[in-house]
Structure formats: C-alpha cells, structure tokens
Amino acid sequence: MRRSSQTPPAPRRPPQPEARGGAGGLWLHGLHAVAAALANPARRLKRLLVTEDAEAALAARLDGRWRVAPERVERGRFATFLPEDAVHQGAALLVEPLPNLTLDRAVEHGTGPVLVLDQVTDPRNIGAILRSAAAFGASALVMQDRHAPPETGALARAASGALEIVPVVRVVNLARALDELKKAGLWVVGLAGEAPVTLAQSGLGGRRVALVLGAEGDGMRRLTREGCDELCRLPIAPEMESLNVSAAAAVALYELGRK
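Values in this document were obtained by computation on a predicted structure and should not be read as measured data. (Residues numbered from 1 in each chain as written. Predicted model: local features only at pLDDT ≥ 70, side-chain atom pairs only at ≥ 80, totals over all residues. Heavy atoms only, no water.)

Chemist: In this structure, what is going on with a nonpolar patch on the surface? I would like to understand it.
Modeler: Together, Ile236, Met240, Leu243 and Val251 make up an exposed nonpolar region whose accessible area comes to about 330 Å². With respect to the element layout, Val251 can be found in helix α8 (residues 245-258). (Patch = residues over 30% accessible without salt bridge, like charges linked within 9 Å, V, L, I, M, F, W, Y side chains within 5 Å. Areas by Shrake-Rupley, 256 points an atom, 1.4 Å probe, with all protein chains shown as cover. Salt bridge = Lys/Arg side-chain N within 4 Å of Asp/Glu carboxyl O. Helix = DSSP H or I, 4+ residues; strand = E, 2+ residues; numbered from the N terminus.)

Right, here's the structure in full:
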C-alpha cells in the first residue's frame, strides 16, 4: 500500500478542566461573573477574552470603564482552555484568587448574618449559597479550608457575581471559628432536621446570627453541633426528609431577614 506523503494533522489538545492561567491564576467565565470581577477593585486582573457580542454586553454594564483591555476572540477559542461544559457566554477573565480575609475583618464587613458551612463540598452549591447570601445581606461565608472546594470558574459562575460581594473566609479549625464568632457577639445557630424548634420559633429577634449548615446526608459533625448555641429546623413537609443545602440556606436567610 502506498503511503500518503501528506503529514497527518496534529491531534487537538483536549479542553483543560478549570484551566489555570499560570501560577496563581484562574479563568472566570460567564457575563455575570466576569462583569462583577471587573467591577471589584480587590480583584487582580490579568487578561480578558471576549467575543464581539460579549464585549458589547460588558461595555454596557461597565459604562465603558475597562480595568483590563479586552481581547477579541472567536467563540471556538474558549474550548481550548475552559471545561467542555462551561457556559461562558463569550467572556472569560483570567484573575488571581481573592485574598483570604481574617474572620474578624469579615464580620466587620456588614451587620447581617454570617454563614458557616461544615464540609459542604459541591462548588455549585457553594456558589448558589453565595448568591443567596448577597441577596439577603449576609456579611460573610466561612468554610473550613481542608474540606471545601477552591475558588473556581464553576463556583464563580454559580454565584452569579456574588463571589465578588460576599467575603469568603477559609479557616483551619471550624470549632475555633465558632468560638470567635461568639466572642464577636454572634449567636451561633445550627440547622438540623431533628431540632425541637423551627427557626421562626426560636426567638432570634434582635440577635445577630451565625448560621451553620452541614453537608447533605451527613449534616453537621458532632463538634460543630456542640459548638452551636442553639439548633433549629426548617418546617418542611414530612414527605421530604431534607432540602438541598443551598435551598435551605436561602430559606433560612429569608426567615432571618424577616425578624
């Protein structure tokens, strides 16, 4: 058989999951996440890739005030460095991760409740929780550093811009963090399905709350439960055992906001 003299095409490089853009950098994608990061003075920016339509959409949101010059690319370019299922809407921003605030500074960020997550590991759940936290005026989100996902494009997209609004604090020891919150004057309330009273019945009016949510399935760990001042539940129908943790966070934050 006669061999072709043509050189076979080089294989395409597969998309890189949550591609990192060099040391310490990550790609945010999606119009909401990118626009919020561009508007956040605390976010260090490196590179912005946009399609023509996405550039126009971002320019309208930012009133033309770019903190980094946009680079126009074709839509197919994003497949070379974003995950295959990334819904990028024609915009990707290379950034450095946000600095980790200390717990005391995060508490001082506002006067609203503080959310504490005990081994919640799904980045999309955490992004959705951040979105609710921003919507209902939470001051900060606290997670244990070893048992929580890193900052990623998927988390930022699920947060729909809230990652740039609500401070995220990563701590080494969650039990110690609960003690610090108590010393700062917060009443630590854990959500547990078997708690004797509902959040509405707990009489929290006038108190600033640190709301603790555990992982789906396992819930809060024993030491975390023991570190709570009080356990409360959400009143859900008996046919349902529990809510998704992000849905529970939204309902609980709304209830706290009514008090």
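Back to the text.
Chemist: Help me out: how do you make sense of unusual backbone geometry in this one?
Modeler: For residues besides glycine, phi is generally negative; the peptide bonds are generally trans as well. Backbone geometry places Gln119, a non-glycine residue, at a positive phi of 65 degrees. By secondary structure assignment, the location of Gln119 is in the loop between β5 (114-118) and α4 (123-135). Look at Ser160: it is not a glycine, yet its phi comes out positive at around 50 degrees. Mapped onto the fold, Ser160 is located in the loop between α5 (153-159) and β7 (168-171).

Chemist: I'm lost on the nonpolar core in this one. Help?
Modeler: Grouped together as the largest cluster of nonpolar side chains are 51 residues, with contacts concentrated most on Leu38, Leu58, Leu93, Leu130, Leu141, Leu211 and Leu213. Apart from the residues within four sequence positions on either side, Leu38 is in contact with Leu45, Leu48, Leu58, Leu62, Trp66, Arg67, Val68 and Leu93. Among the nonpolar cores identified, the runner-up in size contains 20 residues, and Val142, Val171, Leu174 and Val212 belong to it. (Core = buried A, V, L, I, M, F, W, Y, C linked by side-chain atoms within 4.5 Å. Buried < 20%, exposed > 50% of the residue type's maximum accessible area, 1.4 Å probe, protein only. Contact = heavy atoms within 4.5 Å.)

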